[in-house]
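Working through the structure, step by step
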Amino acid sequence: MVYSRKNKTLVALFILSVMALTLVLGACTPNNTFVPNTFIPTVESVESNGGVAVRVNATDGDWIYYVNNYQGSDTITNAYTTDIKDGQIIRIKVSDLADLVNMYYDENDDDVVLSISKALYEKAQVVVPYVVATGNTTTTEGEGIFVFGDRLYYRTNNYNLDTQGYAKTEEMLINSCRLNGSDTQTHLVLKDRATAVRLTQVDGKVYAVYTAKEKGTDEHGDEADFTYAYCADLSQENATAVRMSKENQSVSSFRYDEYGFVASYLDKDGALCSFLPGYSQETVLIEKQDNVTFVPVSANNGWIYYTKTSDLLHVDGIYAINAKATNPQEQVVFATSSYLTGTLSATYVAYNNGTENCIAVTATIVPLASPITYDLFVLTQSSSEKDFILPEDSNTLALTLVGVGGENGNVLYYTDSNSYLYTVDLSQNEYEVVKHSNTIPQESSWATYDVCGEYVFLFNSNGDIILTTENKEESGSFISIGLEYIVYEEEEEE
């Protein structure tokens with residue numbers, strides 16, 4: 001048996017030819033309409049919502065759903081057909097994926113890459129024939145694919161036609177389907193495909209939170225652009241987005257709470273505000289104060305973390321406020337910059353263990369050390385002691401804090417200047433730093449890597465979907481395999 005890979009260019013030319021013929025003959029149903037799969041897993045839990053991959057742990061077998069390469073085109077033919085394209089959503093059983101990874105170690109296979117690709121074609125399934133795409137280039141917060149309940153949520157180029165018969169490529173749809181690809185629903189139409197959207201679930205309902213510009217009238221009565229915060233309840237098709245911020249007051253410094261489902265931002269006056277999906281309007285947590293600037297740095301489990309500055313030279317400290325409290329009160333995480341050497345170079349990631357014991361994680365330069373070192377430590381509210389994750393003054397690699405995630409929202413993700421990915425379970429009494437991968441996604445500003453158990457999924461610099469995992473034959477190193485789903489056709493041997 002001989003396999004041949006279908007040429008993507010020929011497929012694209014064929015699609016264009018079909019499009020041209022359709023314009024001549026009028027609208028018709030394609031003869032290669034996509035047919036959903038039959039099996040729907042019974043979900044117990046979900047890992048790594050958002051980004052390029054999601055793991056679904058089910059009573060009847062675990063699955064990985066992932067994006068089939070980066071799709072950067074806004075003019076791709078986005079049809080509900082069996083044609084294979086970059087950006088579609090694929091699924092594969094975790095057990096089958098493990099078999100593919102084990103094939104990597106087959107020393108008797110002269111072309112193990114081809115063997116893995118063929119096996120992937122036989123084992124994996126297309127779930128969503130539309131492409132996952134976005135024009136967002138501003139944030140990775142909340143982007144990617146999500147599983148809530150028994151439905152898969154994604155964003156895709158608007159494939160609906162305007163009055164002249166052209167697809168509305170400047171727009172974006174937020175769709176969902178069941179976990180086998182059936183029952184596709186459009187919940188929201190975004191007029192600007194560059195809009196950054198956060199999806200979250202609260203009390204069984206799925207919400208989309210985002211900001212968008214609209215025309216309004218300024219204080220002088222002149223027309224002006226304002227940036228408003230919006231929320232849409234996606235529990236039904238064709239949802240209506242509700243503006244949650246004040247009219248004619250732009251919001252800024254928008255932050256999403258990935259686990260506590262609170263959006264924090266500043267209004268035009270400089271007040272610190274929040275919005276919880278399901279509420280009818282925003283809440284002003286702290287009114288504007290003269291000569292004081294609030295800067296939201298992150299949010300976690302309902303807590304908003306922010307800095308306060310009273311002049312241009314230094315940060316007064318890191319503060320936290322619980323947006324879910326009936327009477328939110330400002331609390332000090334650490335009060336002055338004396339706790340931090342090199343404050344202007346410090347970065348912060350909020351962390352909260354579910355109690356009132358707020359914790360901030362900080363990476364900062366210690367400029368007096370030789371060579372310069374970068375410390376990583378935890379600061380607990382009302383404590384002046386640094387709880388070091390890495391030994392003090394020992395690390396010479398610059399660190400980038402990615403965020404706090406994991407199933408219970410207590411795992412710190414960070415990278416170093418060698419592009420290695422690390423995780424630390426903050427709930428443990430002793431911190432154990434785990435190295436995961438030496439490849440960090442570079443192609444897309446919306447797509448972040450995803451840690452699903454022992455596997456890390458990401459887009460590499462070419463936009464290819466890659467799985468990396470620890471090399472079981474060489475401690476401390478990693479292997480990578482490509483997971484691009486392509487079609488192989490059987491050819492008769494001569």
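Right, let's walk through the structure included here. Sequence order sets the numbering: in each chain, residues are counted from 1 along the sequence as written. Selection of residues for local features in this predicted model requires a pLDDT of at least 70, selection of side-chain atom pairs for listing and counting requires 80 or more, and totals for whole chains, interfaces and linings are taken over all residues. Side-chain descriptors were evaluated using all non-hydrogen atoms of the structure, hydrogens and water having been removed beforehand.

Further remarks concern the overall build of the protein chain. A run of H or I in DSSP counts as a helix once it spans at least four residues, and a run of E counts as a strand once it spans at least two, with each numbered from the N terminus. Counting its secondary structure elements, the protein chain contains three helices and 35 strands. Partly exposed describes any residue whose relative accessible area lies between the buried limit of under 20% and the exposed limit of over 50%, with all areas from a 1.4 Å probe on protein chains only and scaled to the type maximum. In the protein chain, which comprises 494 residues, the share counted as buried stands at 49%. Residues are treated as being in contact if the distance between any of their heavy atoms lies within 4.5 Å. Long-range pairs, those at least 24 residues apart, make up 48% of the contacts in the protein chain between residues at least 6 apart in sequence. Each accessible area is a Shrake-Rupley result for a 1.4 Å probe, and residues are judged covered by the shown protein chains and nothing else. In the structure as shown, the protein chain presents an accessible area of about 23500 Å², 46% of it carried by carbon and sulfur atoms.

Our next topic: the nonpolar core. To form a nonpolar core, buried Ala, Val, Leu, Ile, Met, Phe, Trp, Tyr and Cys residues must be joined to one another through side-chain atoms within 4.5 Å. Counting residues in hydrophobic clusters, the biggest one holds 48 residues, and the most contacted among them are Ile64, Tyr65, Tyr66, Ile145, Leu152, Phe457 and Leu483. No other element matches strand E4 (residues 63–67), which puts five residues into this core. Once residues lying within four places of it in the same chain are set aside, the contact partners of Ile64 are Ala53, Val54, Arg55, Ile90, Arg91, Ile92, Val94, Leu97, Cys452 and Phe457. Leu188, Val197, Tyr210 and Ala224 belong to the second-largest nonpolar core, a separate cluster that totals 19 residues.

Before going further, it helps to examine the sheet that holds strand E28 (residues 411–416). When DSSP finds two or more bridges between two strands, those strands count as paired. Here we have four strands laid out as an open sheet, ordered E27-E28-E29-E30, and antiparallel in their pairing. Pairing within the sheet leaves two strands with one partner each, and these edge strands are strand E27 (399–405) and strand E30 (433–437). Across the sheet, the mean angle separating the axes of adjacent strands is 25° when strand polarity is ignored. The pairing of E27 with E28 spans six bridges and is antiparallel. Bridging across to E28, Gly403 finds its partner in Tyr413. Axis angles are defined between N-to-C directions and span 0 to 180 degrees, where every axis is a line fitted to C-alpha atoms and, for a helix, only to the segment in contact.

Turning next to the pattern of salt bridges. Here, a salt bridge means any side-chain nitrogen of Lys or Arg that lies within 4 Å of a carboxyl oxygen of Asp or Glu. Evaluation of the coordinates by the stated rule reveals eleven salt bridges. Of the charged contacts, one joins Arg155 and Glu143 as a salt bridge, the two residues approaching to 3.0 Å between their closest N and O atoms. Here Glu143 lies in the loop between strand E6 (125–128) and strand E7 (146–148) and Arg155 lies in strand E8 (residues 151–157), a separation of twelve residues in the sequence. Glu143 shares its class with Arg155; the two are buried. The structure contains a network of salt bridges with shared partners spanning Lys246, Asp267 and Glu282.

Time to look at unusual backbone geometry. Phi is positive for Asn248, close to 60°, though the residue is something other than glycine. Along the polypeptide, Asn248 turns up in the loop between strand E14 (241–243) and strand E15 (252–256). Even without being glycine, Asp393 reaches a positive phi, approximately 55°. Assignment of secondary structure puts Asp393 in the loop between strand E26 (386–388) and E27.

Note on aromatic pairs: each is described by the distance of the centres and the angle between the planes. Ring geometry is summarised as follows: Phe, Tyr and Trp rings, the Trp one being its six-membered ring, pair when their centres sit within 6.5 Å, and such pairs are stacked at plane angles under 30 degrees, edge-to-face over 60 and tilted between the two. As enumerated under the stated definition, the model contains 19 aromatic pairs in all. Plain terms: the ring middles of Tyr306 and Tyr319 are 6.0 Å apart, the flat faces sit at 20° to each other, and that makes the pair stacked. Within this pair, whereas Tyr306 is found in strand E20 (residues 303–309), its partner Tyr319 is found in strand E21 (residues 317–322), the two being separated by 13 residues in sequence. Each member of the pair, Tyr306 as well as Tyr319, is classed as buried. Among the aromatic residues, those joined into a ring-pair cluster are Phe34, Tyr80, Tyr130 and Tyr159.

What follows concerns helix H2 (residues 94–103). Taken together, the buried positions of H2 are occupied by Val94, Asp96, Leu97, Leu100 and Val101. All buried residues of H2 project into a common sector of 160° when viewed along the axis, lining one side. The arc in question is formed by the directions pointing from the helix axis toward the C-beta atoms.

What follows deals with the packing of H2 against helix H3 (residues 112–123). Two elements in contact, H2 and H3, have axes whose closest approach is 9 Å; the angle formed by their N-to-C orientations is 170°. When the interaxial angle is binned, H2 and H3 end up roughly antiparallel. For the pair H2 and H3, the contacting residues are Asp96, Leu100 and Met103 in the first and Val112, Ser115, Ile116, Ala119, Leu120 and Lys123 in the second. Asp, Glu, Lys and Arg are counted as charged, while Ala, Val, Leu, Ile, Met, Phe, Trp, Tyr, Cys and Pro are counted as nonpolar; the rest, among them Gly, fall into the polar class. Here the contact of H2 with H3 is built from residues that sort into six nonpolar, one polar and two charged. By the definition adopted for this analysis, an angle is roughly parallel if under 35 degrees, roughly antiparallel if over 145, roughly perpendicular if from 65 to 115, and oblique otherwise.

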